[in-house]
Amino acid sequence: ESEQLRHMNNYMNDLRRRYHEEQLWQDKWRIYSTFGTWGLIVLNSIVFFISQYLWRLRESQRMKDVQGLLRQSLMANEGTLRAVQEQSQNRIKNDSQGESMSE
């Protein structure tokens, strides 16, 4: 009977030790999981902010390129624009002279 009691105590001690080891193992992996999740959140945020920064740089470069093309286009068509302005001013003068003569 004492032998049986000793075996039962050994068995219970083994179960407690195993349970304790599994609890430690679960706690360790829970901590790893928490840090892993926070690490992924930080990594995702860094990637997001870098992509936003690069997108902003690209858009500002595109705007500069468009402004340069507009300036080139205006410079190339400056003579045409002046001729159109002169024609419209001449029409306004002619119209105002025509109205003053008809009065």
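None of these values were measured; they are calculated from a predicted model. Per chain, residues are indexed from 1 in the order of the written sequence. In keeping with the predicted nature of the model, local features appear solely for residues at pLDDT of at least 70, side-chain atom pairs appear and are counted solely at 80 or more, and the whole-chain, interface and lining totals rest on all residues. With hydrogens and water stripped out, all remaining heavy atoms of the structure feed into the side-chain values.

**Topic: the overall build of the protein**
- Here a helix means four or more residues in a row that DSSP labels H or I, a strand means two or more in a row labelled E, and each is numbered from the N terminus. Along its length, the protein carries 2 helices and 0 strands.
- What you see for the protein is a C-alpha radius of gyration of 42 Å, clearly larger than the 13 Å of a compact globule of 103 residues, by over 25%.
- When its C-alpha atoms are laid out on the principal axes, the protein stretches across 135 × 35 × 10 Å.
- We call a residue buried when its accessible area falls under 20% of the maximum for its residue type, exposed when it is over 50%, and partly exposed in between, using a 1.4 Å probe and counting protein chains only. Taken over 103 residues, the protein has a buried fraction of 0%.
- Computed by Shrake-Rupley with a 1.4 Å probe, the accessible areas treat only the displayed protein chains as cover when residues are assessed. Total accessible area on the protein is roughly 10,200 Å²; 59% of this is exposed by carbon and sulfur atoms.
- Counting rule for charge: Lys and Arg are taken as positive, Asp and Glu as negative, and neither His nor the chain ends is counted. Lys charges are placed at NZ, Arg charges at CZ, Asp charges at CG and Glu charges at CD. Counting 14 positive and 13 negative side-chain charges, the protein places the centres of these two groups 5 Å from one another. The reference for a compact globule is 2.2 Å times residues^0.38; the radius of gyration itself is calculated from the C-alpha atoms.

**A word on a nonpolar patch on the surface**
- Each patch is assembled from residues with relative accessible area greater than 30% and no salt bridge, linking like charges that lie within 9 Å and nonpolar side chains (Val, Leu, Ile, Met, Phe, Trp, Tyr) that lie within 5 Å. Here, a salt bridge means any Lys or Arg side-chain nitrogen found within 4 Å of an Asp or Glu carboxyl oxygen. Side chains of Val 42, Ile 46, Ile 50, Tyr 53, Leu 54 and Leu 57 sit close together on the surface and give an oily, nonpolar patch of about 580 Å² of accessible area.
- Inspection of the secondary structure assignment puts Leu 57 in helix H1 (residues 2-76).
- Since its relative accessible area comes to 41%, Leu 57 is described here as partly exposed.

**Comments concerning the environment of Asp 14**
- Examined against the element boundaries, Asp 14 turns out to sit in helix H1.
- Given the relative accessible area of 41%, Asp 14 is considered partly exposed.

**Concerning the packing of aromatic side chains**
- Working definition: a ring pair exists when centres of Phe, Tyr or Trp rings (six-membered ring for Trp) sit within 6.5 Å. Plane angles under 30 degrees give stacked, over 60 give edge-to-face, the rest tilted. Per the stated rule, a full pass over the model turns up 3 aromatic pairs.
- Connected via pairs of aromatic rings, a cluster forms that spans Trp 25, Trp 29 and Tyr 32.

**Side note on the pattern of salt bridges**
- Tallied over the entire structure, the rule returns 7 salt bridges.
- Salt-bridge contacts for Glu 3 lead to Arg 6; the nearest nitrogen and oxygen are separated by 3.0 Å. One end of the pair is Glu 3 and the other is Arg 6, both in helix H1 and 3 residues apart, which spans about a single turn.
- Given the relative accessible area of 44%, Glu 3 is considered partly exposed.
- The shortest N-O distance in the salt bridge between Glu 78 and Arg 82 comes to 2.8 Å. With Glu 78 and Arg 82 both in helix H2 (residues 78-102) and 4 residues apart, the pair spans about one turn of that helix.

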